[in-house]
Number of protein chains: 2
Amino acid sequence: MITSSQNPKIKLVRALLGRAKERRDANAFVIEGVRLLEEAASGDWRIEIALYDGSLSERGKDLVDRLRLKGVEIEEVTQTLMKSLSETETPQGILAIVEINQLPIPSSPNFILIPDQIRDPGNLGTLLRSAAAAGVQTVLLPPDTTDAFAPKVVRSGMGAHFRLPIHSVTWEEIQEQTKDLQIFLADMDGKSCWETDLRKPLALIVGGESEGASEEARKLVMQKISIPMSGDVESLNAGVAGSILMFEVVRQRSVSSKH
Amino acid sequence: MITSSQNPKIKLVRALLGRAKERRDANAFVIEGVRLLEEAASGDWRIEIALYDGSLSERGKDLVDRLRLKGVEIEEVTQTLMKSLSETETPQGILAIVEINQLPIPSSPNFILIPDQIRDPGNLGTLLRSAAAAGVQTVLLPPDTTDAFAPKVVRSGMGAHFRLPIHSVTWEEIQEQTKDLQIFLADMDGKSCWETDLRKPLALIVGGESEGASEEARKLVMQKISIPMSGDVESLNAGVAGSILMFEVVRQRSVSSKH
């Protein structure tokens, strides 16, 4: 049982939780909780090490047994140590280091999401979760968006990381990837999304709440679209606004496919 | 200048931040940041006391001057003390105790939101913010939903609290208030929201992420509606799902009003 916070494995977990650079260098990230570990284990994701403590549920213990059979390195740690690593108030008693397995970008995508200058990890996680639910095929992350593999993003993504191709790219690469697509920007001054045809292959750029979209994004954009507000409030949470627009794309495509 | 954490005003702020019962007993809540204080000051909301510290911006200082002219009690506090009260990582140096001014429920509402068993304050705040933007006329909070005036709800509500009638009610009162409305429940097993007519006066019940809607809610419901997912993920964040459905109501009503 690991008891020291200076144990190299514990230090590695802490480094991966804390810094994007560490995650990039190690090509790995940390996931927490039984459900996320089950998803990683059932998919094509290599678990480098799993740590658990005595508070783990029966379902969690079954998972640990299965991981052990698959040859995954497993270590028990003290509850104090687990609590010091956990990002949640009520830790589930299990976390793991998982190798980042970058899923390939499909050859002719018809639905790409570009979260631009999104700094809030919860908002980015929400966008990823909604993107997975809306059938988005690729997420391209420009340089100024927060790291998708940060712990809070992973937590609010609820498994989206295991299903969606998520690529950190330059604006040149975004231009190349989206050259055959219509490019829309979520913008309060845009045309109503309900009056805009979103059925053709497209990329949707969603800007951050404070700064909006970057100059580079605005250069690429063909059309700005908005969500008409009927109340006197002028803004929506960025994660919500992006989600409403993504599902408007799904709605239009599903309606048109029935006619 | 207040320097002691034992000062009665500081203790009152802490109590109001911490416990729903204190907020109910005092009929007051705490708001933080320049923008929210500006909104409170410009509307019909009584600010009981405002606290600021030396880090306050110029815009914030102007606000303090205006509040002082209006006769609001103002106290400077140390930055350490402000930081200990603040819910944010980068405090703006100002907060206030505001009297809860329950806005009246309109006589024949056609759009009511009922967030049921929503425990996560961020999700409830998101729903309130979206409700204000979607022109929802009243929010009815059943007994098992988290307190709408808790600090995290207020923060993510972004001013919705000053615009929306938000009433904590029993299920009997909900039944009475909704007796002339169609009642819909957001539910994964429901009929597609895109194929459901949402133009008539309605109440929308959105359940919590872990437990869904309560038994009492299910007894009232006339129809379950869902957001069709095209990805292989089976759920959306509760705040997002409720927001997508609210804006689907807005969309259907705006399209129909044009024909």
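As a reminder, the structure under discussion sits directly above these lines.
Summarised in this report is the structure supplied together with it. Since we're looking at a predicted model, the values are computed, not measured.

1. Points about the sheet that holds strand 10 (residues 223-226) of chain A
Pairing between the strands of a sheet is mediated by backbone hydrogen bonds and can be parallel or antiparallel. Residue and element names in this part refer to chain A. Taken in spatial order, the six strands make up an open sheet running 7-6-5-9-8-10, and their pairing is parallel. Pairing within the sheet leaves two strands with one partner each, and these edge strands are strand 7 (166-168) and strand 10. Neighbouring strand axes in the sheet, compared pairwise and without regard to direction, differ in orientation by 30 degrees on average. Pairing geometry for strand 5 (residues 111-116) and strand 6 (residues 138-141), over two bridges, is parallel.

2. Section: the packing of helix 6 (residues 121-133) of chain A against helix 10 (residues 238-257) of chain A
All names here are of chain A. Two numbers describe how helix 6 lies on helix 10: the axes approach to 8 Å, and their chain directions differ by 15 degrees. When the axis of helix 6 is compared with that of helix 10, the two are roughly parallel. The two elements helix 6 and helix 10 cross, and the hand of that crossing is right-handed. Here N123, T126, L127, S130, A131 and A133 of helix 6 lie close against helix 10, whose contacting residues are A238, G239, G242, S243, M246 and F247. Looking at side-chain class alone, the contact of helix 6 with helix 10 contains six nonpolar, six polar and no charged residues.

3. Some thoughts on the interface of chain A and chain B
One frequently used descriptor of interface size is the decrease in accessible area upon assembly of the parts. Of the residues lining the interface, 30 residues belong to chain A; the matching set on chain B comes to 30 residues. For the pairing of chain A and chain B, the buried interface totals around 2600 Å² over both sides, and the portion due to carbon and sulfur atoms is 59%. Joining chain A to chain B, the criterion identifies two salt bridges. Here A:E209 ties to B:R129 by a salt bridge, and the two come within 3.2 Å at their closest N and O atoms. Summed over the shared surface of chain A and chain B, the number is six residue pairs in polar contact (both at pLDDT 80 or more). Among the elements of the structure, helix 6 and helix 10 of chain A are those that each provide at least two residues to the side of chain A that touches chain B.

4. Some thoughts on the sheet that holds strand 4 (residues 94-99) of chain B
Residue and element names in this part refer to chain B. The four strands are arranged 1-4-2-3 in an open sheet whose pairing can be described as mixed. Every interior strand has two partners, whereas the edge strands, strand 1 (28-32) and strand 3 (73-76), have only one. Shown here is a sheet whose adjacent strand axes are inclined to one another by a mean of 20 degrees, direction ignored. Taken together, the four bridges between strand 2 (residues 47-52) and strand 3 define a ladder with parallel strand orientation.

5. Observations regarding helix 1 (residues 8-18) of chain B
Side chains that are three or four residues apart share a direction in an α-helix, a result of its 3.6 residues per turn. Residue and element names in this part refer to chain B. Within helix 1 the residues assigned to the buried category are I10, V13, A15, L16 and L17. Against the buried residues of helix 1 lie helix 2 (20-26), strand 1, strand 2, helix 5 (79-85), strand 4 and helix 7 (151-157). Here helix 1 starts with a cap whose side-chain oxygen sits 2.7 Å from the backbone nitrogen of K9, and that cap is N7.

6. Concerning the nonpolar core
What tends to happen in soluble globular proteins is that the nonpolar side chains get buried as a cluster. Core analysis: the biggest nonpolar cluster contains 124 residues, and A:I31 and B:I31 have the highest contact counts within it. Every residue in contact with B:I31, bar those within four places of it in the chain, is listed here: B:L36, B:L37, B:A40, B:L95, B:A96, B:V98, B:V154 and B:F162.

7. With respect to the pairing of strand 6 (residues 138-141) of chain B
All names here are of chain B. Where burial is concerned, the two faces of strand 6 agree: the one with T138 and L140 and the one with V139 and L141 are both buried. Tracing the backbone out of strand 5 (residues 111-116), into helix 6 (residues 121-134) and back to the parallel element strand 6 gives a crossover that is right-handed. One ladder, built from three bridges, connects strand 6 with strand 7 (residues 166-168); its direction is parallel. By the bridge assignment, L140 is partnered in strand 7 with H167. Once you follow strand 6 into helix 7 and on to strand 7, the crossover reads as right-handed.

8. Observations concerning the packing of helix 3 (residues 34-42) of chain B against helix 4 (residues 58-69) of chain B
All names here are of chain B. In the contact formed by helix 3 and helix 4, the axes pass within 10 Å of each other and the chain directions differ by 30 degrees. Taken together, the axis directions place helix 3 and helix 4 in an arrangement best described as roughly parallel. Between helix 3 and helix 4 lies a crossing of left-handed hand. Of the residues in helix 4, those touching helix 3 at V34, R35, L37, E38 and A41 are R59, G60, L63, R66 and L67.

9. Focus: the relation of the copies chain A and chain B
Note on the copies: chain A fits chain B at an RMSD of 0.0 Å, the axial shift is 0.0 Å, and the rotation between them is 180 degrees. Both chain copies can therefore be described as sitting about a two-fold axis. The fraction of interface residues of chain A whose copies in chain B are also interface residues reaches 100%, indicating that both copies meet through the same surface.

10. Regarding the state of the cysteines
Going through the model one piece at a time under the given rule, you end up with zero disulfides over all chains. Considering cysteine sulfurs only, B:C193 is the nearest to A:C193, which forms no disulfide, with 13 Å between them. When its relative accessible area of 0% is taken as the criterion, A:C193 is described as buried.

11. Some thoughts on helix 10 of chain A
All names here are of chain A. Over its 20 residues, helix 10 runs 29 Å from end to end, which matches the ideal 28 Å to within 8%, given 1.5 Å per residue. Counting buried positions over the 20 residues of helix 10 gives 16, a clear majority of the element. Capping of helix 10 at its N-terminal end is provided by N237; its side-chain oxygen lies 2.7 Å from the backbone amide nitrogen of G239.

Thresholds, definitions, all that
Residues numbered from 1 in each chain as written. Chains lettered and ligands numbered in written order. Predicted model: local features only at pLDDT ≥ 70, side-chain atom pairs only at ≥ 80, totals over all residues. Heavy atoms only, no water. Pairing = 2+ DSSP bridges. Helix = DSSP H or I, 4+ residues; strand = E, 2+ residues; numbered from the N terminus. Axes fitted to C-alpha atoms, helices over the stretch in contact; angles between N-to-C directions. Parallel < 35°, antiparallel > 145°, perpendicular 65-115°, else oblique. Left-handed = near helix turned anticlockwise from the far one by under 90°. Contact = heavy atoms within 4.5 Å. Nonpolar A, V, L, I, M, F, W, Y, C, P; charged D, E, K, R; others polar. Buried area = accessible area lost by both parts, 1.4 Å probe. Salt bridge = Lys/Arg side-chain N within 4 Å of Asp/Glu carboxyl O. Polar contact = N/O pair within 3.5 Å; in protein donor to acceptor, adjacent residues only side chain to side chain. Buried < 20%, exposed > 50% of the residue type's maximum accessible area, 1.4 Å probe, protein only. Core = buried A, V, L, I, M, F, W, Y, C linked by side-chain atoms within 4.5 Å. Right-handed = clockwise from strand over helix to strand, strands pointing away. Least-squares fit on C-alpha atoms with pLDDT ≥ 70 in both. Disulfide = S-S within 2.5 Å. Expected span 1.5 Å × (residues − 1).

Worth remembering: the numbers are spatial, not functional.
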